[in-house]
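Structural overview for review
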Amino acid sequence: MLVLDGKGWRLRVDPDRHPFPVLMGGDAWAAEFSWAEAAQLRQLAGSLERQLAAIADQLLPEEAIELELERELNPGSLWMELVGDSRRWSLRFVLTPAPGRRGLEAGWGPEASAAICAALQGLVISAAP
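Criteria and thresholds
Residues numbered from 1 in each chain as written. Predicted model: local features only at pLDDT ≥ 70, side-chain atom pairs only at ≥ 80, totals over all residues. Heavy atoms only, no water. Helix = DSSP H or I, 4+ residues; strand = E, 2+ residues; numbered from the N terminus. Rg over C-alpha atoms; globule rule 2.2 N^0.38 Å. Pairing = 2+ DSSP bridges. Axes fitted to C-alpha atoms, helices over the stretch in contact; angles between N-to-C directions. Contact = heavy atoms within 4.5 Å. Patch = residues over 30% accessible without salt bridge, like charges linked within 9 Å, V, L, I, M, F, W, Y side chains within 5 Å. Areas by Shrake-Rupley, 256 points an atom, 1.4 Å probe, with all protein chains shown as cover. Salt bridge = Lys/Arg side-chain N within 4 Å of Asp/Glu carboxyl O. Lys, Arg positive; Asp, Glu negative; His and termini not counted. Charge placed at Lys NZ, Arg CZ, Asp CG, Glu CD. Buried < 20%, exposed > 50% of the residue type's maximum accessible area, 1.4 Å probe, protein only. Core = buried A, V, L, I, M, F, W, Y, C linked by side-chain atoms within 4.5 Å. Parallel < 35°, antiparallel > 145°, perpendicular 65-115°, else oblique. Left-handed = near helix turned anticlockwise from the far one by under 90°. Nonpolar A, V, L, I, M, F, W, Y, C, P; charged D, E, K, R; others polar.

The next point concerns the overall build of the protein chain. Helices and strands together make up the secondary structure of the protein chain, namely two helices and eight strands. Counted from the first residue to the last, the protein chain has its helices and strands arranged as β-β-β-β-α-β-β-β-β-α. Its C-alpha atoms give the protein chain a radius of gyration of 15 Å, within 12% of the compact-globule value 14 Å for 129 residues. Reported as C-alpha extents along the three principal axes, the dimensions of the protein chain are approximately 45 × 30 × 30 Å.

Given below as structure tokens:
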């Protein structure tokens, strides 16, 4: 089992918990995710962070930015946004499931977003069942 946490975020991976081996949380919320959902969250968070890094030198220090991405899940979809400036930003996501399955809207504040993003990027999901 892998357990990581910090101010305003936590990540736990327990491969023996089926069908939701990944637990993520923020201030006042936590939810379990499937391997596929966790992989998509990791991918979207990394993509948004890379997009911000690619344009950060073009932004004025006080200039705000909002980036968003959406991916289809089988079934459902995942939408994520990054809001802030080149140094301090928040992540928010909406997991929209297929009918009859759970959904979730949550996120991390500026104090936690870069840390949870880094933790997700270090997460090995390719070997997941």
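The next subject is the sheet that holds strand β7 (residues 89–96). Spatial ordering of the open sheet is given by β5-β6-β7-β8, a layout of four strands whose pairing is antiparallel. Each edge of the open sheet carries a strand with a single partner, namely β5 (65–72) and β8 (104–108). Ignoring strand direction, the axes of neighbouring strands in this sheet form an average angle of 15°. Of the pairings in the sheet, the one linking β7 to β8 comprises five bridges and is antiparallel in character. The residue bridging L91 from the neighbouring strand is W108, located in β8. Sheet strands in contact with helix α1 (residues 35–55) are β5, β6 (77–84) and β7, and its direction is about 150° off that of β5. Its contacts with the sheet place helix α2 (residues 113–121) against β7 and β8, and it is angled at close to 60° to β7.

Let us look at a negative patch on the surface. Where like charges cluster on the molecular surface, the negative patch consists of E66, E68, E70 and E72. Within the element layout of this structure, E70 appears in strand β5. Accessibility expressed as a relative area gives 47% for E70, which makes it partly exposed.

Residues M24, L91, F93 and W108 are the most contacted members of the largest nonpolar core, which totals 35 residues. Counting residues per element, this core draws most heavily on α1, at seven residues. Those residues in contact with M24 that sit more than four places away from it in its chain are R10, L11, W29, A30, A31, F33, A38, L41, W108 and L120.

Turning our eyes to something else, we now look at the packing of α1 against α2. Running from amino to carboxyl end, α1 crosses α2 at an angle of 125°, the nearest separation of the two axes being 9 Å. With respect to α2, the axis of α1 lies oblique. For the crossing formed where α1 meets α2, the hand is left-handed. Residues L41, R42, A45, G46, E49 and R50 of α1 form the contact with α2, whose own contacting residues are C117, L120 and Q121. A per-class count over the contact of α1 with α2 returns four nonpolar, two polar and three charged.

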